Amino acid sequence: MTAPRFTPWSDRLRCWLFPAQPQRRDWWGWLLASGAIALAIGWAGYRQATGGPYIVQDDARQHVFWMQRWLDPTLFPQDWIADYFQSVAPEGYRTLYRLLAWAGLNPLAVSKILPIGLGLVVAGLAFGLTTALLPIPVAGFLGSVLTSQVLAMTDDLASATPRSFLYPLFLAFAWGWVRSSLGWVLGTIGLLGLFYPQYVLVALGILAIDWCWRWRWQWPAGLRALMVSPWGPAATLTQRRDRLALGGGIAGIAVLGLYALQASDYGPVVTVSQARSLPEFFSSGRANFFDDNWFDFWILGQRSSLLPKDPFTPATLVLGLLLPVVWWQRDRWRLGQQLSDRLALLPIWLASGIGCYTLAHLLLFRLHLPGRYTQHSIRMMLPIAAALVLTLLLDQLLGAGRSRPGSIDPVISTQFTNPEAHAPFPSPDSTPTMPSGAGRGVKRLLAVLLAIGLFSGAVLYPLSLKRFPKANYVAGESPGLYQFFATQPVDLRVASLAKEADNLPTFAGRSVLVAREYAIPYHWGYYRLFRQRMMDLLQALYSPNLSVVLAFNRQYSIDFWLLDRDTFTIDYLSAKERRANRWLRQFQPVQQEALDRLNRGEKPALSSFLAPDHPCQAYQQPDLVVLDAKCLAKVAVAASR
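Every value quoted in this text rests on a predicted model; they were computed, and no experiment measured them.

What counts as what
- Residues numbered from 1 in each chain as written.
- Predicted model: local features only at pLDDT ≥ 70, side-chain atom pairs only at ≥ 80, totals over all residues.
- Heavy atoms only, no water.
- Helix = DSSP H or I, 4+ residues; strand = E, 2+ residues; numbered from the N terminus.
- Buried < 20%, exposed > 50% of the residue type's maximum accessible area, 1.4 Å probe, protein only.
- Polar contact = N/O pair within 3.5 Å; in protein donor to acceptor, adjacent residues only side chain to side chain.
- Contact = heavy atoms within 4.5 Å.
- Disulfide = S-S within 2.5 Å.
- pLDDT = per-residue confidence, 0-100.
- Expected span 1.5 Å × (residues − 1).
- Salt bridge = Lys/Arg side-chain N within 4 Å of Asp/Glu carboxyl O.
- Axes fitted to C-alpha atoms, helices over the stretch in contact; angles between N-to-C directions.
- Parallel < 35°, antiparallel > 145°, perpendicular 65-115°, else oblique.
- Left-handed = near helix turned anticlockwise from the far one by under 90°.
- Pairing = 2+ DSSP bridges.
- Core = buried A, V, L, I, M, F, W, Y, C linked by side-chain atoms within 4.5 Å.

S.K.: Hey, could you run me through the environment of Asp 566 in this one?
M.R.: Assignment of secondary structure puts Asp 566 in the loop between strand 7 (560–564) and helix 23 (570–574). Since its relative accessible area comes to 26%, Asp 566 is described here as partly exposed. Measuring from C-alpha to C-alpha, the distance between Asp 566 and Leu 610 comes to 9.6 Å, with 44 residues separating the pair along the chain.

Right, dumping it as structure tokens:
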């Protein structure tokens with residue numbers, strides 16, 4: 001049945017968005033629309049990932065490259081870097097990829113497909129969580145769309161690394177908490193321990209804060225209630241929440257206990273005093289953490305700050321800040337009474353994240369990076385909060401002009417309900433209320449247009465961006481180089497400062513001695529050796545004596561040197577123009593000593609091998625040269641005769 005022609009189009013729009021009694025088709029329609037948008041975003045990311053033969057997500061070069069061992073066990077033999085990244089991979093993450101590799105799927109290919117599935121799961125969970133807080137289908141749609149957009153503006157999902165699994169798992173935990181589902185809470189805590197153990201702390205914080213707040217000043221009674229809380233279906237809501245606190249707390253402590261018992265072969269974790277003595281943790285360092293600017297360090301930085309760098313991208317997220325005001329004044333909003341009291345999840349979640357953030361600063365680096373506890377949480381909470389406010393705001397705007405006496409609200413009036421179609425339409429016998437005066441009509445028109453603009457802007461925001469999603473995929477620029485090394489023995493080792501050294505393990509499946517991508521300084525047992533290797537490489541590379549180079553080759557079993565053609569220039573080593581080379585300044589005093597030798601005009605021994613068509617060049621291209629270490633030894637022997 002269709003609405004009569006005289007029904008104002010704004011009323012039809014409002015009835016469509018906010019039906020008085022949402023039917024199953026309404027829920028499924030908006031859920032499928034949410035999934036379609038998430039699928040479109042995931043597909044756009046996949047097209048970026050498959051736009052060429054040598055494309056990989058930036059962080060996958062650390063977390064996924066070593067998994068090629070499962071397809072070819074001979075790869076990366078005695079490779080310190082591959083062994084390290086394999087050891088720090090969470091058990092669930094490692095097991096999932098290994099099962100897929102056993103099924104014949106290349107881990108690098110899986111890392112490009114997996115974000116699509118994760119994005120769909122996140123979209124569905126965001127829809128469910130939002131509608132659990134405000135049971136209106138369009139609210140779930142907006143929460144899902146905004147969450148998908150926020151995650152598409154970062155590489156968190158696209159990386160297919162352990163943090164990619166945090167979002168679906170923690171949204172599932174939050175949904176289970178809102179629904180007081182013990183099974184969901186226990187299951188998600190267990191999975192968090194397998195994929196992203198740090199966030200078990202945030203989950204425990206939510207359970208603890210909720211329990212403490214409900215039993216404030218009555219903790220002895222709360223403890224007694226906790227111990228005798230019934231576990232059957234007859235339990236009250238309070239008893240079910242006590243059940244969550246007890247069961248989830250036990251599960252979380254057990255998971256963290258098992259995680260803490262795992263000994264690392266590459267420990268200990270770097271201490272604060274060590275970090276403050278290393279340039280790596282300061283400006284221009286590989287893992288820059290400390291900052292003299294207190295605002296950047298504490299509020300809006302990266303690894304140490306409370307907020308993510310772009311907390312209000314898209315700009316619609318600003319509406320989420322108004323949620324406390326909306327909740328306080330909910331009686332003034334037509335749909336305000338439908339807000340669930342389980343909305344307390346959001347401030348509790350925020351408090352738990354800030355608590356873990358503070359604890360991580362107090363135990364710096366032992367709980368990894370403090371910013372992760374709040375920044376990931378904000379990326380999940382703020383879109384949902386913004387969706388709730390936006391839903392209430394749209395309803396108010398579409399209903400503008402109906403507050404005067406005698407007006408009929410098409411959403412809540414029984415005169416606008418068709419019981420057969422279960423859709424809100426005006427009765428044929430009713431006479432709709434028309435605006436009394438041009439001023440009121442213009443005001444209502446402007447309100448409706450504003451509502452349409454807000455809704456369209458929120459959904460279509462990505463169309464205004466030049467590049468979306470921002471998945472941070474890296475394209476290899478030297479396919480001939482990768483093909484050359486891929487034909488070499490699998491046990492070779494390459495020494496290099498070139499940027500392309502970051503890509504060789506991923507695209508060629510060959511080991512490098514060091515590379516910027518793998519200079520991660522959080523485990524001292526790993527980084528101490530990495531740093532020593534880097535210092536030795538700099539000394540050999542810029543030494544005027546070929547004997548130093550040959551000794552270095554023997555010590556580290558070097559088979560090839562990969563060199564940029566401008567390796568031996570002052571600008572290259574000082575990194576004045578090459579931003580990618582700024583990390584070389586970390587390795588003092590060796591970097592400065594090498595720079596001083598170049599300034600004095602001393603010629604590094606390896607520079608003579610860059611001459612055109614030198615016989616020791618195993619491979620060359622306009623900007624790169626590969627030198628054969630065995631040929632270097634032969635030249636040295638011939639020169640000594």
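S.K.: What is the right way to read the side chain of Ser 164 from this model?
M.R.: In this structure, Ser 164 sits in helix 8 (residues 162–178). You can call Ser 164 buried: its relative accessible area is 0%. Engagement of the side chain of Ser 164 in a polar contact is seen with the backbone oxygen of Asp 156, the distance being 2.5 Å. Residue contacts for Ser 164: discarding those within four places in its chain leaves Leu 118, Asp 156, Leu 157 and Ser 159.

S.K.: How should I be thinking about the state of the cysteines in this particular structure?
M.R.: Note on terminology: disulfide describes a covalent bond linking the sulfur atoms of two cysteines. Tallying each qualifying case throughout the model produces one disulfide. The residue that forms a disulfide with Cys 616 is Cys 631, at a sulfur-sulfur distance of 2.0 Å. Between Cys 616 and Cys 631, the disulfide has an S-S torsion of -75° and is therefore left-handed. You can see Cys 616 sitting in the loop between helix 24 (590–599) and strand 8 (617–621) and its partner Cys 631 sitting in helix 25 (residues 629–640), a full 15 residues away along the chain. Cys 631 matches Cys 616 in its accessibility class, with the two residues each being buried.

S.K.: Honestly, the confidence of the model for the protein in this entry has me stumped. Any pointers?
M.R.: Confidence along the protein averages 89 in pLDDT terms, with 89% of residues attaining 70 or more. Note that pLDDT drops below 50 for residues 403–407; the model gives that stretch eight contacts with residues more than four away or on any other chain. Contacts of residues 413–435 to residues separated by more than four positions or lying in other chains number 46 contacts, the stretch itself having pLDDT below 50.

S.K.: Teacher, can you tell me more about helix 10 (residues 200–214) here?
M.R.: Count 3.6 residues to each turn of an α-helix, and residues three or four apart come out pointing the same way. The first and last C-alpha atoms of helix 10 sit 21 Å apart over 15 residues, in line with the 21 Å expected at 1.5 Å per residue. Looking at helix 10, one finds that the buried residues are Val 200, Val 202, Ala 203, Leu 204, Gly 205, Ile 206, Leu 207, Asp 210 and Trp 211.

S.K.: I keep staring at the pattern of salt bridges and nothing clicks. Help me out?
M.R.: Once their charged atoms are close, side chains differing in charge can pair, the charge on each being opposite to the other. A complete count under the given rule lists 15 salt bridges for this structure. Close ionic contact of Asp 59 with Arg 163 constitutes a salt bridge, the shortest N to O distance being 2.9 Å. Separated by 104 residues along the polypeptide, Asp 59 in the loop between strand 1 (55–57) and helix 3 (60–63) and Arg 163 in helix 8 bring together distant segments of the chain. The salt bridge involving Arg 379 is made with Asp 156; its shortest N-O contact spans 3.3 Å. With a gap of 223 residues between them, Arg 379 in helix 17 (residues 371–398) and Asp 156 in the loop between helix 7 (137–152) and helix 8 connect regions that are remote in the sequence. Both residues of the pair, Arg 379 and Asp 156, belong to the buried class. Here the salt bridges share partners, and the residues they tie into one network are Asp 59, Asp 155, Asp 156, Arg 163 and Arg 379.

S.K.: How do you make sense of unusual backbone geometry when you look at a structure like this?
M.R.: Across the chain, the bulk of peptide bonds are trans and the bulk of non-glycine residues have phi less than zero. Following Thr 313, the chain continues to Pro 314 via a peptide bond in cis, the omega torsion being 5°. Structurally, Pro 314 can be placed in the loop between helix 14 (294–298) and helix 15 (323–328). Cis geometry is found at the peptide bond from Gln 588 to Pro 589, where omega equals 5°. Residue position: Pro 589 is located in the loop between helix 23 and helix 24. With a phi close to 55°, Ser 180 is a non-glycine residue in the positive phi region. Residue Ser 180 is classed as buried on the basis of its relative accessible area of 5%. Despite not being glycine, Ser 557 has its phi angle at roughly 55°, a positive value. Along the chain, the position of Ser 557 falls in the loop between helix 22 (546–556) and strand 7. The class of Ser 557 is partly exposed, set by a relative accessible area of 47%.

S.K.: Got a minute to help me understand the packing of helix 6 (residues 107–133) against helix 8 in this structure?
M.R.: When two helices pack together, you describe them by how their axes are tilted relative to each other and by the distance separating the axes. Here helix 6 crosses helix 8 at 20°, and the two axes come no closer than 9 Å. Compared by their axis directions, helix 6 and helix 8 come out roughly parallel. Two packed elements cross with a definite hand, and for helix 6 against helix 8 that hand is left-handed. Residues Leu 114, Leu 118, Val 121, Val 122, Leu 125, Ala 126, Gly 128, Leu 129, Ala 132 and Leu 133 of helix 6 touch helix 8, and the partners they reach there are Ser 164, Phe 165, Tyr 167, Pro 168, Leu 171, Ala 172, Ala 174, Trp 175 and Val 178.

S.K.: Please clarify how the pairing of strand 5 (residues 493–496) should be interpreted in this entry.
M.R.: In the case of a regular strand, side chains alternate between the two sheet surfaces. Residues Arg 493 and Ala 495 line one face of strand 5 and the alternating positions Val 494 and Ser 496 line the opposite face, and both faces are buried. Bridge count between strand 5 and strand 6 (residues 511–512): two bridges; the pairing is parallel. If you follow Arg 493 over to strand 6, its bridge partner there is Ser 511.

S.K.: I would appreciate a short explanation of the nonpolar core in the present structure.
M.R.: Side chains of nonpolar character tend, in soluble globular proteins, to be buried together. Phe 170, Trp 349, Phe 365, Phe 485, Tyr 542 and Trp 561 are the most contacted members of the largest nonpolar core, which totals 183 residues. When residues in this core are grouped by element, the largest group, 16 residues, is from helix 17. For Tyr 542, the contacting residues outside a window of four places in its chain are Leu 497, Thr 567, Phe 568, Tyr 572, Leu 573, Ala 594, Arg 597, Leu 598 and Pro 604. One finds Ala 49, Ile 55, Ala 158 and Tyr 473 within the second-largest nonpolar core, a separate group that totals five residues.

S.K.: So what exactly am I meant to see when it comes to the sheet that holds strand 6 here?
M.R.: Working definition: the strands of a sheet are paired by backbone hydrogen bonds and lie parallel or antiparallel to each other. The strand order across the open sheet formed by five strands is 6-5-7-9-8, and the pairing between neighbours is mixed. A strand with exactly one partner marks an edge of an open sheet, and here the two such strands are strand 6 and strand 8. Across five bridges, strand 7 lies against strand 9 (residues 624–628) in antiparallel orientation. Directly across from Leu 562, in strand 9, lies its bridge partner Val 626. Along the sheet, helix 25 contacts strand 7 and strand 9; its crossing angle with strand 9, the most-contacted strand, is approximately 60°.

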